[in-house]
Amino acid sequence: MKFTAMKFFRRSKKSSQQFKSPKNSTQDELERDRYRLYNPHQPDYHGYAAQRNGVFAPWLELPPPILERVFSFVCPHCCDESYETCEQSAREDACMLCDLRDLSHAGQVCKRWRKAAIKLMYHSIRIDSVHYCEREIDLSEKRKRRSRFDRNGLPEDTASARLHLLCRSLREDPTRLGAIVQYFKTPYMLRESSTPALARTIAVLPNLRYVDLPEGLFSDDPAYHTLKLEVQARCPNLRKMTYHSGSERSLEALSRGGIWPNLEVLELAGINMDPAALRHVLAMLQNLRALKISDCRIIDDDMFKYNDMLPAFPALEELILMDTLRVTSDGFVAYLSRADTQKQLKVLSLSNTGIQPSTLYDVLAHAPNLTTLSITEQVDSAFPSHSGPIPPLTNWSLQTLRFEITASPTTSPYASITSGYYNYLASSLFAGGLPRLSAVYVRDQDFPDTLLGLPPPAPGFAGGQQRPSSSSSAGMFGNGGLSPSNTGTFGNAPPRFSSNNPFAAALGAPRGPPMLSLNQTLEVFTKGEDDLDWGSIRMDPFDAYGGASNGRRGRSGSSSSGRPLSSYGLADLGSGWQAGGGARKSAVVQGTGTGSFLAVPGATGSGHGRSRSTASSHAAKEDLWPRPSSSYGAKKGDRDLWR
């Protein structure tokens, strides 16, 4: 009786397809037709529907590398692998917080997208204080802590709150999230004030390569001793470190080989220690590629020369020397005489050193792979040409030259001391010893006119009158060569005959100013005494008929590229060149022997009234070539090593 009653409660074994509604069957047919339309080579729709639960989404099947590549365009700063601070690596044309929010929303679509998004979000972490868009206007009002008696309360510290939230997320899952982080960048005020939270966050980041640290840690400030021990113990793979005056004991500890053996970038500022101990420290860093030395009195020529008792100075890809007056060209040429050094060195920056512009030709001759050279000096004497002719600058690999020679404040402003130095540079360009040069940065506003063989335009108070024939600029047309000892002429050649004189060729007179023989486009950036007053000109190579193409001078405020800078974050080579006020915009016609000065149609912001024009078709176009700005390199082999 018991079994008879149970059979009335048994569940029917009828097929579940009998209970499907007509609506569901119609939807399945649509999904099947759509799958066969987009996948004609895979007729097995039932297996696909069983795998995807009936949802047609082929974009969900993208491989992880393609997903990461797509997400990198959504949030570009997550791929930032430069050794620059949070302030220097900021993107000028984007809002980093909004990009990160969009990437986070994309990671919520499915598990596959979430895995790729998390890998990208935690690769290079960046904390910003504010939104760099209009959204910050509304959010700043919502963050204020208002009360009944204080209707306009103080806003909360958003950067500190974001750091605490990040610390909580990383410490909750350090195995999966903490191991992904390799670059960690924070604002200046945050890393200076939130040292405990920064230490707790760094403690779970074992694979960290770069992190923004407070300034006191670099000089062994006792207040940051705990943070420094935490970084040394938890982050053994750091690639960049800085040592300021007072941290000589910590720097000497690197010679034991147990602290940060993989350092690639090292910055020394005001270090006062035994030169022999410093060479032992540098010898222990086998992966060192970039070195910056500033205000170190112990650095001299003996540091770079060979010594049987000491290890050799390491071969570097980038070397920056600042305020090292005891380093001369003799010691540096001895360093460049090594084969490994000649092969490695690509970027060299000299600022207030013992290497003078008159001896720079010897340095370039021993650096065959050098691509970027920067020399910044304040001179108080004229170019030394009394001892004999100085060879021109010659290098077959140099692409960017920063030649910023200014007069010392103690000299008279009417002495024209720097003219000989820039005439020497111009003569080197005319000699053709720098065939791959593409960008020149000078502190002489009349330097492009010297290259074009044109006199400087008349000042505004001249009323449009011609300059007297006895002026120095008029002599530029009457001479055939540049002389560094002559501050305003092209040498001591006889005056040039008229271009209409049929006997000029027979008498052997030059037919005009010398012309540059360029293999590629040369961009010349100039800046005067005021950092806000900068100009630029582009000189194109000669055409097939021997004439020069148009050169354009101006500025561009919308271009994202510009003067190449160090991607290691050691040098601020772009300071003062990004100013937008007072830039001159003009164009000039080359190849005719005379210059035509016409207003550029529709141009705004000429500033100083030196507008020149080519043809009307070229003048109507907007100047699209970049102005000087902090930028990055191009590709792995040619770009700066900071990226």
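Numbering of residues starts from 1 in each chain and follows the order in which that chain's sequence is written. Owing to the predicted nature of the model, reporting of local features is limited to residues with pLDDT of at least 70; listing and counting of side-chain atom pairs is limited to 80 or more, with chain, interface and lining totals taken over all residues. Side-chain measures were taken over the full set of non-hydrogen atoms in the model, leaving aside hydrogen atoms and water.

> I'd like a rundown of the pattern of salt bridges, residues and numbers included.
Where charged atoms from two side chains of opposite charge approach closely, those side chains can pair. Criterion for a salt bridge: a side-chain nitrogen of Lys or Arg within 4 Å of a carboxyl oxygen of Asp or Glu. Across all of its chains, the model carries 17 salt bridges by this definition. Of the charged contacts, one joins aspartate 128 and arginine 126 as a salt bridge, the two residues approaching to 3.1 Å between their closest N and O atoms. For arginine 126, a relative accessible area of 9% corresponds to the buried category. Across the salt bridge formed by glutamate 404 and arginine 402, the nearest N and O atoms sit 2.6 Å from each other. Each residue is assigned to one of three classes by its accessible area relative to the maximum for its type, calculated with a 1.4 Å probe on protein chains only: buried under 20%, partly exposed between the two thresholds, exposed over 50%. What makes glutamate 404 buried here is its relative accessible area of 4%. Residue arginine 402 is classed as buried on the basis of its relative accessible area, which comes to 10%.

> Describe unusual backbone geometry, and please don't skip the residues or the numbers.
Of note in the backbone geometry, aspartate 220 takes a positive phi value of approximately 60° without being a glycine. Secondary structure elements follow DSSP: runs of H or I of four or more residues count as helices, runs of E of two or more count as strands, with numbering from the N terminus. Summarising the element assignment, aspartate 220 is placed in the loop between helix H12 (215-218) and helix H13 (225-234). Residue class for aspartate 220 comes out partly exposed when judged on its relative accessible area of 27%. Here the phi dihedral of tryptophan 260 falls at roughly 50°; this positive angle occurs in a residue that is not glycine. Looking at where tryptophan 260 falls in the secondary structure, it is placed in the loop between helix H14 (248-252) and strand E5 (265-269). The buried category is assigned to tryptophan 260, whose relative accessible area is 2%.

> Give me the environment of serine 193: which residues, what numbers.
For serine 193, the position within the fold is in helix H10 (residues 188-193). For serine 193, a relative accessible area of 52% puts it in the exposed group. Separated by 33 residues in the primary sequence, serine 193 and serine 160 have C-alpha atoms spaced 9.1 Å apart. Counted as a polar contact is a pair of N or O atoms within 3.5 Å, where, for protein atoms, one must be capable of donating a hydrogen and the other of accepting one, and residues adjacent in sequence contribute only when both atoms are in side chains. There is a polar contact of 2.7 Å between the side chain of serine 193 and the backbone oxygen of methionine 189.

Keep in mind these values describe shape, not function.
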